[in-house]
Amino acid sequence: MVNIRQPLQAVTDAGFDPDLAQSRLDQVFFALSDPIRRQVLEQLDGQALLVSEIAAAFDVSLQAVSRHIQVLVRAGLIQQERTGRISRCSLDAGPLLDAAVWMNRYSKYWQQQFDLLAATLVDIDERKAASSASAPTRKQAKKRTSRKQ
């Protein structure tokens, strides 16, 4: 089960705090910087799991996995519900959307590189086609040399 509990906040909202938004983004990217935390998020995609179920997939202690989960909770990527000693975790994709929106601002640079690559490949194909059309075939070249003799 994927949740988006954090409401989206438009830039024009009166209560928008750019420093707070930057801090949240920093926490999300920090949380995503570790491979174990990324794997935890993958495990939670579409389902809620107990901390012990999450930890079973790793060769680290339950305490180490719990620390990773707390980093994800602080970043807002995981919601944790406790019932006594049992802790169930679920994915909250809202902060991932914020990170994706931030990264998408830079896609124009990638797109420019892809456009340049595509134009270069078209140019190469056109040159090959032009050189093969103007170059004589081997049979034509043999006929020309045999006529000269």
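Cut-offs applied
- Residues numbered from 1 in each chain as written.
- Predicted model: local features only at pLDDT ≥ 70, side-chain atom pairs only at ≥ 80, totals over all residues.
- Heavy atoms only, no water.
- Helix = DSSP H or I, 4+ residues; strand = E, 2+ residues; numbered from the N terminus.
- Buried < 20%, exposed > 50% of the residue type's maximum accessible area, 1.4 Å probe, protein only.
- Contact = heavy atoms within 4.5 Å.
- Areas by Shrake-Rupley, 256 points an atom, 1.4 Å probe, with all protein chains shown as cover.
- Pairing = 2+ DSSP bridges.
- Core = buried A, V, L, I, M, F, W, Y, C linked by side-chain atoms within 4.5 Å.
- pLDDT = per-residue confidence, 0-100.
- Phe/Tyr/Trp six-rings, centres within 6.5 Å; stacked < 30°, edge-to-face > 60°.
- Lys NZ or Arg CZ within 6 Å of the ring centre and 35° of its normal.

Chemist: Go over the overall build of the chain with me, naming the residues and quoting the values.
Modeler: When you go through the chain residue by residue, the secondary structure sums to seven helices and four strands. Listing the helices and strands of the chain from first to last along the sequence gives β-α-α-β-α-α-β-β-α-α-α. Within the chain, the fraction of its 149 residues that count as buried is 23%. Taking the intrachain contacts of the chain between residues at least 6 apart in sequence as the baseline, contacts between residues at least 24 apart amount to 59%. Surface exposure of the chain reaches about 11000 Å², of which carbon and sulfur atoms provide 55%.

Chemist: An account of the pairing of strand β3 (residues 78–83) is requested, with residue identities and associated values reported.
Modeler: Judged from the six bridges that link them, β3 and strand β4 (residues 86–92) form a sheet pairing that is antiparallel. Bridging across to β4, Q80 finds its partner in C89. A loop of two residues connects β3 with β4, the two strands running antiparallel in sequence, and G84 in this loop sits at a positive phi of about 65°.

Chemist: I'd like a rundown of the nonpolar core, residues and numbers included.
Modeler: Counting residues in hydrophobic clusters, the biggest one holds 22 residues, and the most contacted among them are V40, L44 and I54. Of all the secondary-structure elements, those providing two or more residues to this core are α1 (18–32), α2 (35–44), α3 (51–55), α4 (62–74) and β4.

Chemist: Please provide a residue-by-residue account of the confidence of the model for the chain, values included.
Modeler: When the pLDDT values of the chain are averaged, the result is 83; 79% of them are 70 or greater. Here strand β1 (residues 2–3) stands out as the least confident element of the chain, with mean pLDDT 49; α2 is the most confident, with 96. Across residues 6–12 the pLDDT falls below 50, and counting only partners more than four positions away or on other chains, this stretch makes eleven contacts in the model.

Chemist: Outline the packing of aromatic side chains, supporting the account with residue identities and numerical values.
Modeler: The final tally for this structure, using the stated rule, is three aromatic pairs. Seen in terms of ring centroids, W102 and Y106 are 5.2 Å apart; in terms of plane orientation they differ by 55°. Their pairing is tilted. On the basis of relative accessible area, W102 is assigned to the partly exposed category, the value being 30%. The exposure class assigned to Y106 is partly exposed, which follows from its relative accessible area of 32%. Aromatic side chains Y106 and Y109 sit 6.3 Å apart centroid to centroid with 25° between the ring planes, which places their arrangement in the stacked category. Here Y109 falls in the partly exposed class, since its relative accessible area comes to 44%. By way of ring pairs, the aromatic residues F29, W102, Y106 and Y109 are connected into one cluster. Cation over ring: R37 sits above F30, and NZ or CZ is 5.0 Å from the ring centre.

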